[in-house]
Amino acid sequence: MFPGVGTIINIVTIISGASLGVLVGNRMPSRTRTLLTDVLGLVTLLGAASALIPLWSDRYNKALPQGWTLLVVLGSLLIGGLIGSALKLEDKLDTLGERLRIKFKASSESSFVEGFVAASLLFAIGPLAILGSISDGMGTGIDQLILKSTLDFFAAMAFATSLGWGVAASAIPVGIYQGAWTLVGLGLGSILSGYQIAAMTIVGGLMLLCIALRLLKIKEVAVANLLPALAIAPIFALVVHQFV
C-alpha cells in the first residue's frame, strides 16, 4: 500500500455514510431531523468529554511543571484564537461551505453550511486523525485510520440525516488536513511526544464541546477561529516541558 491510502479510505467512508444518511433523512419529518441533531449534539458532548481525559493522565501531568497543565491549554486557545480571528478562518470556512452549497445546488434555507463546518471539525479533531495519518505516512500501518473510518461512516450517516450534503463536503478539508499529517509522517517520522499529542487532544476536546453547544443551539462559538490552537498546543507544551 502507498502512503495516504488510509486517508483515501476515510474520505470514501465519510462520503458513503453521508450519502446514505441523506437518502434516509429525506424521508424523515423535520421534527425527527431536529431530534436527531439534538442527539448528535449530546453524542458530540460525550466525545468532547472523552477527549478531555488526557488532562488528568500521568503522561501529560508529569511532562509539565506543576500548575501549567491548564495554562498550556488556555494559552494555546488564546493564541490560536487570536491568530484564527486575525485570519478570519470562521468566515473563510463559512464562505467555502457556501460555495460548495451552490455547487451542490442545495437550498439557501438548508443546513448545508452548518453540516459542512460541524462535520469538518468533528472528523478532523482527535488523536486518531493525527496519529493515524502520521502512522500511515511512516508506513507502520493504517489500523488507526481504519478504526476512524468506521466511526466516521456512522457519524457521517447520523449527521447527514439532519444536516444534509454539507457533511459529505466535509471530506474535502478532512482529506487536506490528514494528508498534511501523512506528509509529516512521511518526511519526519515520529515527531510528537505523548504529552504533546495529549495537549492537542485536550484542546480538540474543548473545540468539540463548542461544536456540541452549536448543535444544541445553546451558544454559537466561532470554532474555526480556534483551529490554530491545535498547532499551537504541542509547541507550547514542548516549550513549557523544558522547565520540568
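The preceding data block contains the structure.
As the structure is a prediction and not an experimental result, all values here were calculated from the model. Per-chain numbering applies: the sequence of each chain, read as written, is numbered from 1 onward. The model is predicted, so local features are restricted to residues of pLDDT at least 70 and side-chain atom pairs to those at 80 or more, both for listing and for counting; the totals for chains, interfaces and linings are taken over all residues. For side-chain calculations, the full set of non-hydrogen atoms in the structure is used, while hydrogens and water are omitted.

Novice: I tried to follow the nonpolar core on my own but got confused; where do I start?
Specialist: As a rule of thumb, soluble globular proteins bury nonpolar side chains together. Residues belong to a common nonpolar core when they are buried Ala, Val, Leu, Ile, Met, Phe, Trp, Tyr or Cys residues joined through side-chain atoms within 4.5 Å. To sort residues, take the accessible area from a 1.4 Å probe on protein chains only and compare it with the maximum for the residue type: under 20% means buried, over 50% means exposed, and anything in between is partly exposed. Core analysis: the largest hydrophobic core is formed by 58 residues, its most contacted members being Tyr60, Phe123, Phe159, Val167 and Val203. Labels follow the DSSP assignment, with helices taken as runs of H or I lasting at least four residues and strands as runs of E lasting at least two, numbered in each case from the N terminus. Per-element accounting of this core gives the leading share, twelve residues, to helix α11 (residues 194-215). Any two residues whose heavy atoms approach within 4.5 Å at even a single point are treated as in contact. Those residues in contact with Val167, other than ones at most four positions away along the chain, are Ile14, Ala18, Gly115, Phe116, Ala119, Phe123, Ala156, Phe159 and Ala160.

Novice: Can you walk me through the packing of helix α1 (residues 5-25) against helix α8 (residues 143-163) in this structure?
Specialist: Packed helices, taken two at a time, are described by the angle their axes make and the gap between the axes. Orientation of α1 relative to α8, taken along the N-to-C sense of each, is 25 degrees, at an axis distance of 7 Å. The angle between the axes of α1 and α8 places the two elements in the roughly parallel class. By crossing handedness, the relation of α1 to α8 is classed as right-handed. With axes taken as lines fitted to C-alpha atoms, and helix axes fitted only over the stretch in contact, angles between N-to-C directions fall between 0 and 180 degrees. Working rule for angles: under 35 degrees goes down as roughly parallel, over 145 as roughly antiparallel, 65 to 115 as roughly perpendicular, anything else as oblique. Should the near helix be turned anticlockwise from the far one by less than a right angle, the crossing is left-handed, and should it be turned clockwise, the crossing is right-handed.

Novice: What is the right way to read empty space enclosed by the protein from this model?
Specialist: Once rolled over the atoms, a probe with the size of a water molecule shows which space is left empty. The pocket and cavity definitions rest on a 1 Å grid over protein atoms only: a 1.4 Å probe that fits but cannot leave marks a cavity, an open set with protein on both sides within 12 Å along at least five of seven lines marks a pocket, and residues lining either have an atom within 4 Å of a point. Grid points are joined across faces, edges and corners, and a volume is the space filled by probe spheres set on the points. Evaluated as defined, the whole model comprises one cavity of 30 Å³ or more. Put simply, the largest cavity is a space of about 70 Å³. Around the largest cavity sit Glu114, Val117, Ala118, Leu121, Ile211, Arg214, Leu215 and Val223, which together line it. Elements with a minimum of two residues in the lining of the largest cavity: α6 (112-124) and α11. It is α6 that provides the largest number of residues to the lining of the largest cavity, a total of four residues. Side-chain classes are defined by residue name, with Ala, Val, Leu, Ile, Met, Phe, Trp, Tyr, Cys and Pro counting as nonpolar, Asp, Glu, Lys and Arg as charged, and the others, Gly among them, as polar. When the residues that make up the lining of the largest cavity are grouped by side-chain class, the tally is six nonpolar, no polar and two charged.

Novice: Can you help me understand the side chain of Asn10 in this one?
Specialist: Residue placement: Asn10 occurs in helix α1. Apart from residues no more than four positions distant in its own chain, Asn10 is found in contact with Lys148, Ser149, Asp152 and Gln178.

Novice: Is there a simple way to explain a nonpolar patch on the surface in this structure?
Specialist: Patch definition: residues with relative accessible area over 30% and no salt bridge; like charges joined within 9 Å; nonpolar side chains (Val, Leu, Ile, Met, Phe, Trp, Tyr) joined within 5 Å. To be clear on the numbers: accessible area is Shrake-Rupley with a 1.4 Å probe, and residue cover counts the displayed protein chains and nothing else. One speaks of a salt bridge when a side-chain nitrogen belonging to Lys or Arg is within 4 Å of a carboxyl oxygen belonging to Asp or Glu. Together, Trp68, Leu71, Leu74, Leu78, Ile79, Ile83 and Leu87 line one region of the surface with nonpolar side chains, adding up to about 600 Å² of accessible area. Structurally, the position occupied by Leu71 is in helix α4 (residues 69-87).

Novice: How should I be thinking about α4 in this particular structure?
Specialist: Note: α-helices contain 3.6 residues per turn, so residues at a spacing of three or four share the same orientation. Helix span is expected to be 1.5 Å times the residue number reduced by one. With 19 residues, α4 extends 27 Å between its outermost C-alpha atoms, agreeing within 8% with the 27 Å of an ideal straight helix rising 1.5 Å per residue. Along α4, the residues classified as buried are Thr69, Val72, Val73, Gly75, Ser76, Leu77, Gly80, Gly81 and Gly84. Elements that come into contact with the buried residues of α4 comprise α3 (58-61), α5 (89-103), α11 and α12 (228-241).

Novice: Which parts of the structure should I look at to understand α1?
Specialist: Its 21 residues place the ends of α1 30 Å apart at the C-alpha level, agreeing with the 30 Å of an ideal helix rising 1.5 Å per residue. Turning to α1, its buried residues are Val5, Gly6, Thr7, Asn10, Thr13, Ile14, Gly17, Ala18, Gly21, Val22 and Gly25.

Novice: What am I meant to see in the packing of aromatic side chains here?
Specialist: Two aromatic rings are characterised by how far apart their centres lie and by the angle between their planes. Pairing of aromatic rings covers Phe, Tyr and Trp, the last through its six-membered ring, and needs centres within 6.5 Å; plane angles under 30 degrees mean stacked, over 60 mean edge-to-face, and all others mean tilted. Enumeration over the complete set of coordinates arrives at one aromatic pair. Seen from their ring centres, Phe153 and Phe154 are 5.2 Å apart, and the 85 degrees between their planes marks the pair as edge-to-face.

Novice: Can you walk me through the pattern of salt bridges in this structure?
Specialist: If the charged atoms of two oppositely charged side chains come close together, the side chains can form a pair. What the rule picks out here adds up to four salt bridges. Notably, a salt bridge pairs Asp152 with Lys148, separated by 2.6 Å at the nearest N-O pair. Of this pair, Asp152 and Lys148 are both found in helix α8, four residues apart, which corresponds to roughly one turn of the helix. Overall, the relative accessible area of 8% leaves Asp152 in the buried class. Glu220 is the salt-bridge partner of Arg214, the closest N and O atoms lying 3.3 Å from each other. Judged by its relative accessible area of 16%, Arg214 falls in the buried class. By relative accessible area, which is 53% here, Glu220 ends up exposed. Salt bridges sharing common partners tie together Glu90, Arg214 and Glu220.

Novice: Any chance you could explain the side chain of Thr69 here in plain terms?
Specialist: One can find Thr69 in helix α4. On the basis of relative accessible area, Thr69 is assigned to the buried category, the value being 15%. Those residues in contact with Thr69 that sit more than four places away from it in its chain are Leu55, Tyr60, Asn61 and Leu64.

Novice: Just to check I follow, could you spell out the packing of α5 against α6 for this structure?
Specialist: Orientation of α5 relative to α6, taken along the N-to-C sense of each, is 125 degrees, at an axis distance of 9 Å. As the angle between them shows, α5 and α6 are arranged oblique. In this structure, α5 crosses over α6, and the sense of that crossing is right-handed. The segment α5 lies against α6, with Leu93, Asp94, Leu96, Gly97, Glu98, Leu100 and Arg101 engaging Phe112, Val113, Phe116 and Val117. Taken together, the residues of the contact of α5 with α6 break down into seven nonpolar, one polar and three charged.

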